[in-house]
Amino acid sequence: MIINECHKDLLAELASIGAGNAATALSQMLQDQVITLQVPEVKIAPLQDIPASLGDPEQEVAAVLLEASGDGVSLTVVLVLSLQAAVQLITRLLPEDCDPLGEMGSSLLMELGNILVSSYLGALSTMTGFTLRLTPPSLGLDMAGALLGSVIAEKMMLEDNFILIKNTMHAFNEDIEGNLLLLPETGSLEKIYRQMGVC
Amino acid sequence: MKTIYVRIADLAALQGDGVLVTVGLGSCVGVALYDPKNKVAGLAHILLDNSERYIKPSANHFNPAKFADTAIPALIKTMEGLGARRRNLVAHIAGGSSLFNFKFDGAGIGQKNLAVVRARLDELSIPIQSENSGGNYGRTMKFYASTGKVEISTVSKGEKKSVTVPTNPAL
């Protein structure tokens, strides 16, 4: 579909509300640390650009994948953190002698993905009235390009565009970048816009 | 040395001195074809297995490089434009892994992609000289046109490893 300025504004609004929800949820998860999230940056780009959209496609990243569906809308959502950012976050939450990329660290990463994605989808549900169910998260640790390419292939995505929401979170006196990729299935984005009476 | 980056669902070829690179093959499959006599190298980064399962080839914006069945003939055509001969071609393939713990019905897309690539190469009588595929990790392919060698690298927990195939390219 063709995405115009009006559609972009709506996505930006959705991302802002989602980020607000996410900050609250993360503060609770991260032991009442004060977490702030900057107003996220929203980009819309062709699928082919996904593998390089987060910088070097060979960079090792942690990707948490979830699928949301309900009321005729289906989306694949992927949270992508650089390996460094993932380790930075997780080491704060794990006992000292625990491998941040071990089993416990992996579970924590998936939970983090779950919370962030639920926060964003909560915003989408509030704005549209659609009820979306989330699948349990899956985790991949590998080259950004390989992970994201696999997502497009596994989901047999033929939609031309994806939505990238760049988040910067401030926690533990550090800025941590996280990216959310939204891949709507054919027709889903149109359905969302129609429901909201936009353009 | 000239370097061409081949993106996802894309293909490229070059002759003589240069390198073709495709970064981050997960379930996607990289197909490297080489004409050792004419030093023509071609590389495709294939996303999906069989175009007929997804789209009509007559559809608007049809991208043959996206699918295994259509990418290989398109790659050969591009290489022939640079002086390659079909009967000289040999292949190296890599990728087709499965990185997430998705729940599938039957084989994952990586395995499906590999099956169609192998079948298509077989139909075209192009021998597969090396295959570095499957598993649960991503790969980067670097393909050197002057030697026909392919370097495959992986990353895991901050460590990068690479192997080169074939060790003695058949000329």
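Please refer to the structure higher up on the page.
For clarity, every value in this text was computed on a predicted model and none was experimentally measured.

Asker: Before we go on, may I ask you to explain the overall build of chain A in this structure?
Answerer: A tally of helices and strands in chain A yields five helices and eight strands. In chain A, the succession of helices and strands from N to C terminus is α-β-β-β-β-α-α-β-β-α-β-β-α. Here chain A has a C-alpha radius of gyration of 16 Å; the compact-globule value for 199 residues is 16 Å, and the two agree. The C-alpha extent of chain A, read off along each of the three principal axes, is 55 × 35 × 25 Å. Going through the 199 residues of chain A one by one, you find that 56% of them count as buried. In chain A, the proportion of contacts linking residues at least 24 apart, taken out of those at least 6 apart, comes to 74%. For chain A, the exposed surface amounts to about 8200 Å²; the carbon and sulfur share of it is 50%.

Asker: Teacher, can you tell me more about the side chain of Asp142 of chain A here?
Answerer: Take Asp142 of chain A: it is sitting in strand S6 (residues 138-143). No salt bridge is formed by the buried Asp142 of chain A; the nearest opposite charge belongs to Arg139 of chain B, separated by 8.2 Å. At 2.8 Å, the side chain of Asp142 of chain A and the backbone nitrogen of Gly138 of chain B are in polar contact. For Asp142 of chain A, the residues in contact, after removing those within four places along its chain, are Gln59, Glu60, Val61 and Leu147 of chain A together with Leu99, Asn136, Tyr137, Gly138 and Val155 of chain B.

Asker: Hey, could you run me through the interface of chain A and chain B in this one?
Answerer: Accessible area lost upon the coming together of the parts serves often as the stated size of an interface. Taken together, the contact pairs 29 residues of chain A with 34 residues of chain B. Contact between chain A and chain B buries roughly 2600 Å² in total, counting both sides, with carbon and sulfur atoms accounting for 63%. Put simply, chain A and chain B have two salt bridges between them. Our count for the contact surface shared by chain A and chain B stands at five residue pairs in polar contact (both at pLDDT 80 or more). Counting residues per element, the ones that place at least two in the side of chain A that touches chain B are strand S3 (60-70), S6 and helix H4 (144-154) of chain A. The biggest single contributor to the side of chain A that touches chain B is H4 of chain A, with nine residues. A breakdown of the residues in the side of chain A that touches chain B according to their chemical character gives 16 nonpolar, six polar and seven charged.

Asker: What should I look at first to understand the sheet that holds strand S4 (residues 29-35) of chain B in this one?
Answerer: In any sheet, the strands associate via hydrogen bonds between backbone groups, in a parallel or an antiparallel arrangement. Residues and elements named next belong to chain B. Reading across the sheet, the five strands line up as S2-S5-S4-S6-S7 and stay open at both edges, with mixed pairing between neighbours. Only two strands of the sheet have a single partner each, and these edge strands are strand S2 (10-15) and strand S7 (128-133). Strand-to-strand twist in this sheet, taken as the mean axis angle between neighbours without regard to direction, amounts to 10°. Two elements, S4 and strand S6 (residues 90-95), share six bridges in a ladder whose sense is antiparallel. Each residue of the ladder has a partner; that of Ala32, found in S6, is His92. Where helix H2 (residues 68-80) meets the sheet, it contacts S2, S4 and strand S5 (40-46), and its direction lies at approximately 155° from that of S5.

Conventions adopted
Residue indices follow the written sequence of each chain, beginning from 1 at its first position. Note on labels: chains are lettered from A, ligands numbered from 1, in written order. With the structure being a predicted model, the display of local features is reserved for residues of pLDDT at least 70 and the display and counting of side-chain atom pairs for 80 or more, all residues being used for whole-chain, interface and lining totals. Heavy atoms from the whole structure form the basis of all side-chain values; hydrogens and water molecules are not counted. A run of DSSP states H or I qualifies as a helix once it reaches four residues; a run of E qualifies as a strand once it reaches two. Both are numbered from the N-terminal end. For this measure, only C-alpha atoms enter the radius of gyration; the expected value for a globule follows 2.2 Å times N^0.38, where N is the number of residues. The buried label goes to any residue with under 20% of its type's maximum accessible area, the exposed label to any with over 50%, and the partly exposed label to all in between, with areas taken from a 1.4 Å probe on protein chains only. Note on definitions: a residue-residue contact is assigned when non-hydrogen atoms from the two residues lie within 4.5 Å. Throughout, the Shrake-Rupley method with a 1.4 Å probe supplies accessible areas, and for residues the shown protein chains are the sole cover considered. The convention is simple: Lys and Arg are positive, Asp and Glu are negative, and His and the chain ends are not counted. For salt bridges, the criterion is a side-chain nitrogen of Lys or Arg within 4 Å of an Asp or Glu carboxyl oxygen. Nitrogen and oxygen atoms within 3.5 Å of one another constitute a polar contact, given that in protein one can donate a hydrogen and the other can accept it, and given that sequence-neighbouring residues count only through two side-chain atoms. Each of two parts loses accessible area, computed with a 1.4 Å probe, when they are put together; buried area is these two losses added. Throughout, the ten residues Ala, Val, Leu, Ile, Met, Phe, Trp, Tyr, Cys and Pro are labelled nonpolar, Asp, Glu, Lys and Arg are labelled charged, and all others, Gly among them, are labelled polar. Pairing between two strands requires that DSSP report at least two bridges joining them. Only the stretch in contact is used when fitting a helix axis, every axis being a line fitted to C-alpha atoms; angles between N-to-C directions are given from 0 to 180 degrees.

What is shown is where atoms sit, not what they do.
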